[in-house]
Amino acid sequence: MKKLRLSKLITTVIVGFLSLLFISPLVWMLSAAAKYEVDVMKFPIEWIPTKWNLIENFKTVWLGNVPFGLYYLNSLKLAILMTLLTLLFSSMAGYSFAKLNFPFKNGLFVLVLSFFLIPQESTLVPRYILIKWFGLYDTHFALILMGACSIPLTFLARQFIKDIHTEYIEAAKIDGAGHLRIYWQIILPMAKPILATVGILKFLWTWNDYQNPLIFLISKSNYTVTLGIQSFASQYGTSYAVIMMAALSTILPILIVFVLLQKQVINGIAMGGVKG
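Residues numbered from 1 in each chain as written. Predicted model: local features only at pLDDT ≥ 70, side-chain atom pairs only at ≥ 80, totals over all residues. Heavy atoms only, no water.

Undergrad: Would you mind going over the packing of aromatic side chains in detail, with residue names and values included?
TA: In this structure the tally under the stated criterion is 15 aromatic pairs. Look at Tyr71 and Tyr223: their rings are 5.8 Å apart centre to centre, the planes differ by 45 degrees, and that puts the pair in the tilted class. In this pair, Tyr71 sits in helix α4 (residues 68-99) while Tyr223 sits in the loop between α12 (211-216) and α13 (225-235), placing the two residues 152 residues apart along the sequence. Judged by its relative accessible area of 2%, Tyr71 is buried. Look at Tyr223 and you get buried, because its relative accessible area is 14%. Here the aromatic rings of Tyr183 and Trp184 are separated by 6.5 Å at their centres, their planes lie at 50 degrees, and the arrangement is tilted. Accessibility expressed as a relative area gives 4% for Tyr183, which makes it buried. For Trp184, a relative accessible area of 56% puts it in the exposed group. Connected via pairs of aromatic rings, a cluster forms that spans Phe58, Trp62, Phe68, Tyr72, Phe203 and Trp207. Against the face of Phe109 rests Arg158, its NZ or CZ located 4.2 Å from the ring centre. (Phe/Tyr/Trp six-rings, centres within 6.5 Å; stacked < 30°, edge-to-face > 60°. Helix = DSSP H or I, 4+ residues; strand = E, 2+ residues; numbered from the N terminus. Buried < 20%, exposed > 50% of the residue type's maximum accessible area, 1.4 Å probe, protein only. Lys NZ or Arg CZ within 6 Å of the ring centre and 35° of its normal.)

Undergrad: Lay out the packing of helix α8 (residues 151-162) against helix α11 (residues 192-208) in plain terms, naming residues and giving numbers.
TA: Direction vectors running N to C along α8 and α11 enclose 170 degrees, while the axes themselves pass 10 Å from each other. Accordingly, the angle class assigned to the pair α8 and α11 is roughly antiparallel. Side by side, α8 and α11 meet where Pro152, Leu153, Leu156, Ala157 and Phe160 of the first sit next to Pro193, Ile194, Val198, Leu201, Lys202 and Trp205 of the second. Counted by class, the contact of α8 with α11 contains 10 nonpolar, no polar and 1 charged residues. (Axes fitted to C-alpha atoms, helices over the stretch in contact; angles between N-to-C directions. Parallel < 35°, antiparallel > 145°, perpendicular 65-115°, else oblique. Contact = heavy atoms within 4.5 Å. Nonpolar A, V, L, I, M, F, W, Y, C, P; charged D, E, K, R; others polar.)

Undergrad: Describe the nonpolar core, with residues and values.
TA: Nonpolar side chains in soluble globular proteins generally cluster together in the buried interior. Val61, Phe68, Tyr71, Trp207, Phe232 and Met244 are the most contacted members of the largest nonpolar core, which has 27 residues in total. Contributing elements (two or more residues each) for this core: α1 (2-33), α4, α11, α13 and α14 (240-274). By residue number, the principal contributor to this core is α14, which donates 9 residues. Leave out the neighbours within four places in its chain, and Phe68 touches Val61, Trp62, Ile229, Phe232, Ala246, Ser249 and Thr250. (Core = buried A, V, L, I, M, F, W, Y, C linked by side-chain atoms within 4.5 Å.)

Don't take any of this as a statement about function, it's just geometry.
Below, the structure is given as structure tokens:
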């Protein structure tokens, strides 16, 4: 028993130390965002600023020459729309692969999963050509079109829905319900845990996406926050306090979402990965 307690104590100490190590860059960013520029690179590091410049750094980011508020709204629009579309398409595809019977269902599912193995970088040129051909280059609709569905999130939805008892569907069919009604009134309410997980993950991925906006957006009025950070780095290249405030403003929403809903995200991934 003593050996077990000692082992747990050592494990707790090691995990605690590693946690502090991993979180230290975030803490430094929070500290730097509140400092004057001359204090950012002081050594030893002042984790708690002695002189605070938080308000001025905040004004520089949000009220300065770079339209950071517009970039924020663009990112919110893209993240919300792409999340809603992914919830719709992934849940519909998950229901189809989990509960419907049609020719070559398993083969098609394996084929869909195989596309996930293709690196996104290798499809950049074909996607660029198609977007230019459709006349959608430098539009938010191009990003929405490319990000409206997600293969890994479809997999999670399918694994979860597959474990829902088929008796519910059979009873609904006896009452005369079609597949659309079954999907909308039975499957979606019962799949709320995985839908919440899919929605949160998709929102985070879209918010953090840098590659697609960089390739498919050129007008500054269409920029997202990830490209906005690049604008700050170009304009305030030597002002690390301002850049850290911009970075803090960017990650704060997703940090809050993840801290509040991390248990649901982890549980949803676990349920979707092991069920079925």
